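Breakdown of the fold
Residues per chain are reported as follows:
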Amino acid sequence: MFERKQFENIWEGRIEPFKIIGKVYFAGIFQASTHLIDTGDGLILIDPGYRDGLYLVIDSIYKLGFKPEDIKYVINTHWHGDHTEATRALTDLSGAKTLIGEYDAQRAERYFKPDILIHDGDTLTLGNITVTFMHTPGHTKGTVSFFFDTEEGGKVYRVGMFGGAGANTLTKGCFDYDNCREDYRKSIERLRGERVDVFIGNHVWNNDTEKKGKVLRETGENLFIDSALWGRFLDFCEKRLDEKIKES
Ligand SMILES: [Zn+2]
């Protein structure tokens, strides 16, 4: 768990798209996670990923039975290129509006023009889905996390994503901004206050997306439903922060 794989070429990270639960789908690749929410009135797409990987994401959108034109909003969890490089091309294609945290907006402009700035506590409603945002700085200054409900089999599940968990920018000399380590710890504490039944990863290694998707496809068992994983992942993030502090 929480381990990464490296690939030389973007296409080696191809993952067959699949429904995670309810109205939530995985349409990304190993190197960059992309998720779709089918709101009943169009799609919300989370993190288009690398520009080189966009053809795989678009192929996955079609394979899931949707079209790029169905995308109404593109949420960018933070400004880094592995999440936002393809945003401009995808919104050109779909006409979707782009969202990003207010403190990452300026730096995101190298990849796309933000239409809507996200502030702590903001919500986005489309169709029958309301996404609630939390400003969780640390990995970058404007990182946003979010939560929403989805239903399956008569049960409502709370879905959550930590929008920027990477410790790379917590390494001395690589800080995104001053006080990022203090903010990161505070963000983790706030995130611990949320109940999350289905944790969707900002990167596939966050929640074993690929392996769980395979199990789901082959056996029907949904390992994404795991209320304990959210807390375990946050423990892991905090431990890594402590290690970074110890190193320097
Ligand atoms: Zn990042």
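Here's a quick rundown of the structure. What you see is a predicted model; the values in this text were computed from it and never measured.

Considerations on the sheet that holds strand β8 (residues 123-126)
The strand order across the open sheet built from five strands is β8-β9-β10-β11-β12, with neighbouring strands paired in mixed fashion. Single-partner strands in this sheet number two, and they are β8 and β12 (198-199). Sheet topology note: the strand β11 (residues 155-161)/β12 ladder contains two bridges and is parallel. Each residue of the ladder has a partner; that of Val159, found in β12, is Val198.

Side note on the nonpolar core
Core analysis: the largest hydrophobic core is formed by 30 residues, its most contacted members being Ile20, Val131 and Phe133. Among the elements of the structure, β1 (18-21), β2 (24-26), β4 (43-46), β5 (71-76), β8, β9 (129-135), β10 (144-152) and β11 are those that each provide at least two residues to this core. Other than its neighbours up to four places away in sequence, Phe133 contacts Ile75, Leu99, Ile118, His119, Asp120, Gly121, Asp122, Thr123, Leu124, Val144, Ser145 and Phe146. The next biggest cluster of nonpolar side chains, apart from the first, holds 21 residues, and it includes Phe147, Cys180, Ile188 and Val196.

Considering the pairing of β1
Two strands pair when backbone bridges link them, and β1 and β2 are joined in this way by three bridges, in the antiparallel orientation. Note that in β2 the partner of Lys19 across the bridge is Tyr25.

A look at the coordination of the zinc ion
Surrounding the zinc ion are the protein donor atoms His78 (NE2), His80 (ND1) and His139 (NE2), which sit 2.1 to 2.2 Å from the metal. Within one chain, the residues donating to the zinc ion are spaced in sequence as H-x1-H-x58-H. For the pair His78 and His80, one class covers both residues: buried.

A short note on the packing of aromatic side chains
Scanning all chains against the criterion turns up 13 aromatic pairs. An angle of 85 degrees between the planes, with centres 5.2 Å apart, marks the rings of Tyr25 and Phe66 as edge-to-face. With Tyr25 in strand β2 and Phe66 in the loop between α1 (54-63) and β5, the pair connects residues that are 41 residues apart, well separated along the chain. The residues Tyr25 and Phe66 share a single accessibility class, namely buried.

Description of the pairing of β5
Looking along a regular strand, one sees the side chains alternate between the two faces of the sheet. Across the six residues that make up β5, a large majority, five, are buried. Pairing geometry for β4 and β5, over four bridges, is parallel. Residue Ile46 lies in a different strand from β5, and its bridge partner there is Ile75. Chirality of the crossover, the property in question, places the unit of β4, α1 and β5 among those that are right-handed.

Re the environment of Ala228
Structurally, Ala228 is set in the loop between α7 (209-219) and α8 (229-247). Relative accessible area serves as the criterion here: at 45%, Ala228 is assigned to the partly exposed category.

Here we look at the pattern of salt bridges
Inspection of every chain in the model, using the stated rule, returns 18 salt bridges. Put simply, Asp59 and Arg14 hold a salt bridge, and the shortest N to O gap is 2.3 Å. Residue Asp59 is found in helix α1, and its partner Arg14 is found in the segment before β1; the two are separated by 45 residues along the sequence. The partly exposed category is assigned to Asp59, whose relative accessible area is 27%.

Here we look at α7
Residues of α7 that are buried include every one of Thr209, Lys212, Gly213 and Leu216, and no others. One side of α7 carries all its buried residues, which in axial view fall inside an arc of 105 degrees. Exposed positions of α7 whose direction lies more than 90 degrees from the buried face are Lys211, Glu218 and Thr219. Tucked inside the fold, the buried residues of α7 contact β1, β2, α6 (204-207) and α8. In the stretch just after α7, Gly220 is the one whose phi turns positive, near 85 degrees.

Cut-off values and rules
- Residues numbered from 1 in each chain as written.
- Predicted model: local features only at pLDDT ≥ 70, side-chain atom pairs only at ≥ 80, totals over all residues.
- Heavy atoms only, no water.
- Pairing = 2+ DSSP bridges.
- Helix = DSSP H or I, 4+ residues; strand = E, 2+ residues; numbered from the N terminus.
- Core = buried A, V, L, I, M, F, W, Y, C linked by side-chain atoms within 4.5 Å.
- Buried < 20%, exposed > 50% of the residue type's maximum accessible area, 1.4 Å probe, protein only.
- Contact = heavy atoms within 4.5 Å.
- Donors = N, O, S within 2.8 Å, 3.2 Å for Na, K, Ca; no water.
- Phe/Tyr/Trp six-rings, centres within 6.5 Å; stacked < 30°, edge-to-face > 60°.
- Right-handed = clockwise from strand over helix to strand, strands pointing away.
- Salt bridge = Lys/Arg side-chain N within 4 Å of Asp/Glu carboxyl O.
- Arc of directions from axis to C-beta.

Function cannot be read off these values alone, since they describe shape.
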